[in-house]
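Examination of the molecular architecture
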Amino acid sequence: MAYSIMEVSPRDGRAMAGIDSLLAREGLRRDRNLDYICAVCDEDFRVIATGSCFGNTLRCFAVDGGHQGEGLLNLVLTHLTEVQYARGNFRLFLCTKPSTTKFFSDLGFYEIARVDETLVFMENRQDGFPNYLRELEKARQEGSAAAVVMNANPFTLGHQFLVETAAASCRTLHLFLVSEDASLVPFAVRKRLVQEGTAHLPNVVLHDGGPYIISAATFPSYFLEDGDAVIQGHARLDLAVFVKIAEALGISVRYVGEEPFSRVTSLYNQIMSAELPKAGVHCVTVPRKEVGGNPVSASAVRCLLQERGVEAVRDLVPPSTYAYFASPEATPVLARIRKAGDVTHY
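Each chain has its residues counted from 1, following the order in which its sequence is written. Totals for whole chains, interfaces and linings use every residue, but because this is a predicted model, local features are given only for residues with pLDDT of at least 70 and side-chain atom pairs only at 80 or more, for both listing and counting. Only hydrogens and water are set aside when side-chain values are computed; all heavy atoms of the structure are taken into account.

**Some thoughts on the nonpolar core**
- Within the largest apolar cluster, 39 residues are counted, with the highest numbers of intra-cluster contacts made by Val148, Met150, Leu173, Tyr255, Leu305 and Phe325.
- Elements that contribute at least two residues to this core include exactly β8 (145-150), α5 (157-167), β9 (172-177), α6 (187-197), β11 (253-257), α9 (298-307), α10 (319-325) and α11 (331-339).
- In this description, contact between two residues means that some pair of their heavy atoms is separated by no more than 4.5 Å. Every residue in contact with Tyr255, bar those within four places of it in the chain, is listed here: Ala146, Ala147, Val148, Leu162, Ala166, Ser169, Val284 and Val286.
- Membership of the second largest hydrophobic core comes to 38 residues, among which are Ala145, Tyr212, Ala235 and Val241. Side-chain atoms within 4.5 Å are what join buried Ala, Val, Leu, Ile, Met, Phe, Trp, Tyr and Cys residues into a set we call a nonpolar core. For the exposure calls, accessible area comes from a 1.4 Å probe over protein chains only, and a residue counts as buried if that area is under 20% of its type's maximum, exposed if over 50%, partly exposed in between. The helix and strand labels rest on DSSP assignments: H or I over at least four residues marks a helix, E over at least two residues marks a strand, and numbering proceeds from the N terminus.

Here you go:
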């Protein structure tokens, strides 16, 4: 029998209930944060297959057990791929259960990493992740190597203190900057402020995180509200990818800042401390830098920018960060921060 596929509006209560029921029967849960949902229905309008998108990722695939072998998963995947291509997204990622890995492999997806036997991370480029690792390997140097990963939204004295502490402990510090442009301060600005704020440290090598380190593909919960169990699953996936990156660069230590404010980052730090040593990477938590007895954080800087203006953050950020916010160039970013409502996370 030939089936048709349709987009489903989140406001379509009946269709969404059918999707949720199908996902539950397959042991899955619908992600809270999706920007496109589709479904295949039978002649009685019951949902028998579904799939969704978020950013450049494909997710929440399910096919009713009574309709296995009818090509419905292929139909859903083809439809979502066409949607992504129409959006201009040609580099696609998905997460799936190990039991369906072969199906997606046959349709042109390649495994990047897996979490235990519960989750497999894949992309539609055979050379995507291997090329990323090969480019990173060019920065590998003799001697001890450590890593720091940060969003720096914006770069503060706390970030600078973390980098300085880590750089003092190793021959080479690989600093990965989250590339996803989902923050109030754009990536291009964040990168420049990190470069300027670490220019006095000759052993720091700055890398773009790309789609592989804390991105919408590996760690959507970093940018969006979600439950703790989902955050933990995303964190483990992100770390599974990071371990491969650490192997390519000879990284034996990852430094993280103590996190008293962000629930997401705090959970991530806890999981890193537990999981990274299993892969031979030591995890070191650096106490938060304080100014005037108060911990310095990017969220505190954003709140001050929003509520009191640029002068209020002078003592919390490096001179280069302050100079940026005090310049006309920062006017649109400051306007975005003022209009953002709650700026304590991202």
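**Some details on the environment of Pro319**
- Within the secondary structure, Pro319 is located in helix α10.
- Separated by 178 residues in sequence, Pro319 and Gln141 have C-alpha atoms that sit 31 Å apart.

**A look at the packing of helix α7 (residues 228-249) against helix α8 (residues 263-275)**
- Here an axis means a line fitted to C-alpha atoms, over the contact stretch when the element is a helix, while the angle between two N-to-C directions is reported on a 0 to 180 degree scale. Viewed as axis vectors pointing N to C, α7 and α8 meet at an angle of 50°, and their least axial separation amounts to 9 Å. On the basis of their axis angle, the class for α7 and α8 is oblique. As for the relative orientation of α7 and α8, their crossing is right-handed in sense. Residues Asp228, Ile231, Gln232, Ala235, Arg236, Asp238 and Leu239 of α7 lie in contact with α8, whose contacting residues are Arg263, Val264, Leu267, Tyr268, Ile271, Met272 and Glu275.
- By the convention adopted, Pro, Cys, Tyr, Trp, Phe, Met, Ile, Leu, Val and Ala count as nonpolar, Lys, Arg, Asp and Glu as charged, and the other residues, Gly among them, as polar. Here the contact of α7 with α8 is built from residues that sort into eight nonpolar, one polar and five charged. These descriptions rest on fixed angle ranges, namely under 35 degrees for roughly parallel, over 145 for roughly antiparallel, 65 to 115 for roughly perpendicular, and the rest for oblique. Crossing handedness is defined as follows: a turn of the near helix away from the far one that is anticlockwise and smaller than a right angle gives a left-handed crossing, while the clockwise case is right-handed.

**Remarks on the sheet that holds strand β4 (residues 57-63)**
- Ordered by their spatial adjacency, seven strands build an open sheet running β1-β2-β3-β4-β5-β7-β6, and the pairing between neighbours is mixed. Each edge of the sheet is formed by a strand with only one pairing partner; in this case those strands are β1 (5-7) and β6 (110-115). Within this sheet the neighbouring strands show an average axis-to-axis angle of 25°, counted without direction.
- Only strands that DSSP links by at least two bridges are regarded as paired with each other. Where β1 meets strand β2 (residues 36-41), three bridges bridge the pair, whose relative direction is antiparallel. The partner of Glu7 across the bridge, within β2, is Cys38.
- Relative to β6, α7 is tilted by about 115°, and along the sheet it contacts β5 (93-96), β6 and β7 (119-123).

**Topic: α5**
- Most of α5 is tucked away: eight of the eleven residues are buried.
- All buried positions along α5 are accounted for by Leu157, Gly158, His159, Gln160, Leu162, Val163, Ala166 and Ala167.
- Where α5 begins, the capping side chain belongs to Thr156, and its oxygen is found 3.0 Å from the backbone nitrogen of Gly158. Think of a polar contact as two N or O atoms within 3.5 Å of one another; within protein, one of them needs to be a possible hydrogen donor and the other a possible acceptor, and neighboring residues in sequence only count if both atoms come from side chains.

**Observations concerning the environment of Asp35**
- Among the secondary structure elements, Asp35 is positioned in the loop between α1 (13-25) and β2.
- You can call Asp35 partly exposed: its relative accessible area is 38%.
- Separated by 19 residues in the primary sequence, Asp35 and Phe54 have C-alpha atoms spaced 5.2 Å apart.
- Of note is the side chain of Asp35, whose polar atom sits 3.0 Å from the side chain of Arg87.

**Looking at the pairing of β9**
- The element β9 is extensively covered by neighbouring structure, given that six of its six residues are classed as buried.
- Burial along β9 is two-sided: the residues Thr172, His174 and Phe176 and Leu173, Leu175 and Leu177 are all buried.
- Across six bridges, the pairing between β8 and β9 is parallel. Bridge assignment links Met150 to a residue of β9, and that residue is Leu177.
- What joins β8 to β9 is α5, and the crossover it makes is right-handed.
- Note: β9 against strand β10 (residues 204-208), five bridges, orientation parallel. Looking at the pairing, Leu175 lines up with Leu206 of β10.
- If the strands point away from the viewer and the path from the first strand over the helix to the second runs clockwise, then the crossover is right-handed. Taken together, β9, α6 and β10 constitute a β-α-β crossover, and its handedness is right-handed.

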